[in-house]
Amino acid sequence: MTEVRIALMGAGLIGREHAALVAEHPGASLAAIADPDPAAVALAATLGVRHFDDYECMLDEVAPDGVIVALPNTLHVEAGLACITRQISVLVEKPVAETVTAAMRLVEAGEEAGVPVLVGHQRRHGSDIREAKAAISRGDLGRIVAINGVAAVAKHDTYFDVAWRRSPGGGPLLINAIHDIDCFRFLGGEIETVQAIGSSAIRGHAVEDTVAVALRFASGAVGTYLLTDASPSPYFWEIAAEQSLTFPHQAEDCYVVFGRKASLAVPTLDLWEHEAGGDWRDPLVRRRLSAPVQSCYVAQLENLIDVIHGTADPVVSGREGAMTLAATLAVARAITEGRPVDVAELLA
Ligand SMILES: NC(=O)c1ccc[n+]([C@@H]2O[C@H](COP(=O)([O-])OP(=O)(O)OC[C@H]3O[C@@H](n4cnc5c(N)ncnc54)[C@H](O)[C@@H]3O)[C@@H](O)[C@H]2O)c1
């Protein structure tokens, strides 16, 4: 198959990673970079691609086959719409938008124009998450009873020197928890209601540093989730699943999916069940499911390439990204208003 030409909007922290992955992939080439920052000019020169200050000019002059949007959250929707208008498939970083209403504008425009919109929830491309989903679909766990998840890391003090990271919306809920919530939806089905308590007692910022969440899934399953960016631990998916672009790997689990027949720890994929389908009176046996680690970022890029070729559907569509955003914002609302919140409220 021919190489697809992918352009990048926003060459900051994650955009640079996307640029490198596209440039290295045999099935793709980096077509151009749009980002007015001088560091992006230098990056484009290093990678030998055209640089633009304005992403609309880039789209018109370069006419790429696909685009990756790695801009600040509030710019995602306009950038995505600029691609859709030009019939260009687009991978938008998470969160797909800053509000569910804005997200739905993008989703509906893509669906009406027949242009694929993908969202950067890269964990769904992780081999452990895919194998966990396959085990659930095969019925290895039986009916899902509950899901437990933890995301705990200690962010360094200077990380908070940037004002937006200390303000509502800039905390670990929309930066980190949105990825966990996306995995919970993928593994456990739609989330119906959330209750949550937030705390900023550790740093005293306006933004949360620690959150405890109770979840009810549409299936009747329930879940618990603990999030903090103020405590060192290996219980954080990128670290535990060997998928971090920065942090060293520590083989631990951060999720457990409890089913009627078996429970499954993720990412180690240890599946626990009673011998001969028995109950608590019978010995427990552990079976480790196998899923060789492959970079979830590379797999995500390969999905974009296949979507551009028309040989695959998006693994995480714009609509999926919007539903994950709605569930995450429901947690934020539950904290602020001190009451259980139905995700449907966010979608109304
Ligand atoms: N999937 C992940 O794990 C992951 C990780 C980090 C960030 N993200 C998401 O990626 C997005 C970018 O985050 P980041 O940390 O890289 O931010 P960043 O601030 O490091 O980079 C954003 C870049 O966009 C550029 N930019 C701003 N306005 C622009 C415009 N109008 N046109 C072109 N370029 C413009 C800035 O100059 C900057 O270089 C955010 O939505 C964030 O949530 C996702």
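Details of the structure are given in the entry above.
What comes next is a walk through the structure. (Residues numbered from 1 in each chain as written. Predicted model: local features only at pLDDT ≥ 70, side-chain atom pairs only at ≥ 80, totals over all residues. Heavy atoms only, no water.)

1. What about the sheet that holds strand S3 (residues 50-52)?
Through backbone hydrogen bonds, the strands of a sheet pair up, either in parallel or in antiparallel fashion. As a reminder, the rule being used: Pairing between strands requires that DSSP locate at least two bridges from one strand to the other. A run of DSSP states H or I qualifies as a helix once it reaches four residues; a run of E qualifies as a strand once it reaches two. Both are numbered from the N-terminal end. Simply put, an axis is a line fit to the C-alpha atoms, just over the touching stretch for a helix, and the angle between two N-to-C directions goes from 0 to 180 degrees.
The parallel open sheet is built from six strands, whose spatial order is S3-S2-S1-S4-S5-S6. Bordering the open sheet on either side are S3 and strand S6 (117-119), each of which pairs with just one other strand. Taken over all neighbouring pairs, the strand axes of this sheet differ in orientation by 25° on average, direction set aside. Summarising the sheet, strand S5 (residues 89-92) and S6 pair through three bridges and their orientation is parallel. Bridge assignment links Val90 to a residue of S6, and that residue is Val117.

2. Remarks on the site of the ligand
As a reminder of what qualifies: We call a residue near a given molecule or strand whenever any one of its heavy atoms falls within 4 Å of it. The term polar contact refers here to a pair of N or O atoms within 3.5 Å; inside protein, the definition further demands a hydrogen-donor-capable atom paired with an acceptor-capable atom, and it admits residues adjacent in sequence only when both atoms are side-chain atoms. Classification convention: Asp, Glu, Lys, Arg as charged; Ala, Val, Leu, Ile, Met, Phe, Trp, Tyr, Cys, Pro as nonpolar; all other residues, Gly among them, as polar.
The local shell around the ligand holds 23 residues, among which Leu13, Asp35, Asn73, Lys94 and Gln122 are the closest. Interatomic distance of 2.9 Å between a backbone N/O atom of Leu13 and an oxygen atom of the ligand. In the environment of the ligand, a nitrogen atom lies 2.8 Å from a nitrogen or oxygen atom belonging to the side chain of Gln122. Along the lines of polarity and charge, the residues of the shell around the ligand split into 12 nonpolar, seven polar and four charged.

3. A closer look at the nonpolar core
Keep this limit in mind: In this description, a nonpolar core means a group of buried Ala, Val, Leu, Ile, Met, Phe, Trp, Tyr and Cys residues linked to one another through side-chain atoms lying within 4.5 Å. Think of it in three bands: with a 1.4 Å probe and only protein chains considered, a residue is buried below 20% of the maximum accessible area for its type, exposed above 50%, and partly exposed in between. For every domain, the bounds stem from an assignment made automatically or drawn from a database. Throughout, a contact is declared for two residues whenever any of their heavy atoms are within 4.5 Å.
Grouped together as the largest cluster of nonpolar side chains are 110 residues, with contacts concentrated most on Ile6, Met9, Ile33, Val67, Ile191 and Leu264. The greatest single-element share of this core, amounting to nine residues, is contributed by helix H7 (residues 172-188). Each of domain 1 (4-119) and domain 2 (125-292 + 326-347) contributes no fewer than three residues to this core. When near neighbours in sequence (up to four residues on either side) are disregarded, Ile33 contacts Leu8, Ala11, Ala40, Leu43, Ala44, Leu47, Val49, Arg50, His51, Phe52 and Met58.

4. Quick notes on the environment of Leu43
One can find Leu43 in helix H2 (residues 38-47). Leu43 gets classed as buried once you look at its relative accessible area, which sits at 12%. Put simply, Leu43 and Arg16 are 27 residues apart on the chain and 8.1 Å apart in space, counted from C-alpha to C-alpha. Beyond its immediate chain neighbours, meaning those up to four positions away, Leu43 contacts Ala11, Arg16, Ala19 and Ile33.

5. Looking at the pattern of salt bridges
Quick note on the threshold: Here a salt bridge means any side-chain nitrogen of Lys or Arg lying within 4 Å of a carboxyl oxygen belonging to Asp or Glu.
The final tally for this structure, using the stated rule, is 23 salt bridges. Measuring nitrogen to oxygen at the nearest pair gives 2.8 Å for the salt bridge that ties Arg124 to Asp182. With Arg124 in the loop between S6 and helix H6 (127-138) and Asp182 in helix H7, this residue pair connects regions lying 58 residues apart in the sequence. By relative accessible area, which is 3% here, Arg124 ends up buried. Between Glu337 and Arg339 there is a salt bridge, and its shortest N-O distance comes to 2.8 Å. Among the residues examined, Glu337 registers a relative accessible area of 45% and is labelled partly exposed.

6. Observations regarding the side chain of Asp209
Selection criterion: For the charge count, each Lys or Arg is scored as positive and each Asp or Glu as negative, with His and the chain ends excluded.
As for its position among the elements, Asp209 is in the loop between strand S8 (191-199) and strand S9 (210-217). Of the side chains with opposite charge, Arg203 comes closest to the buried, unpaired Asp209, at an N-O distance of 4.9 Å. A polar contact of 2.9 Å, which involves the side chain of Asp209, links it to the side chain of Thr210.

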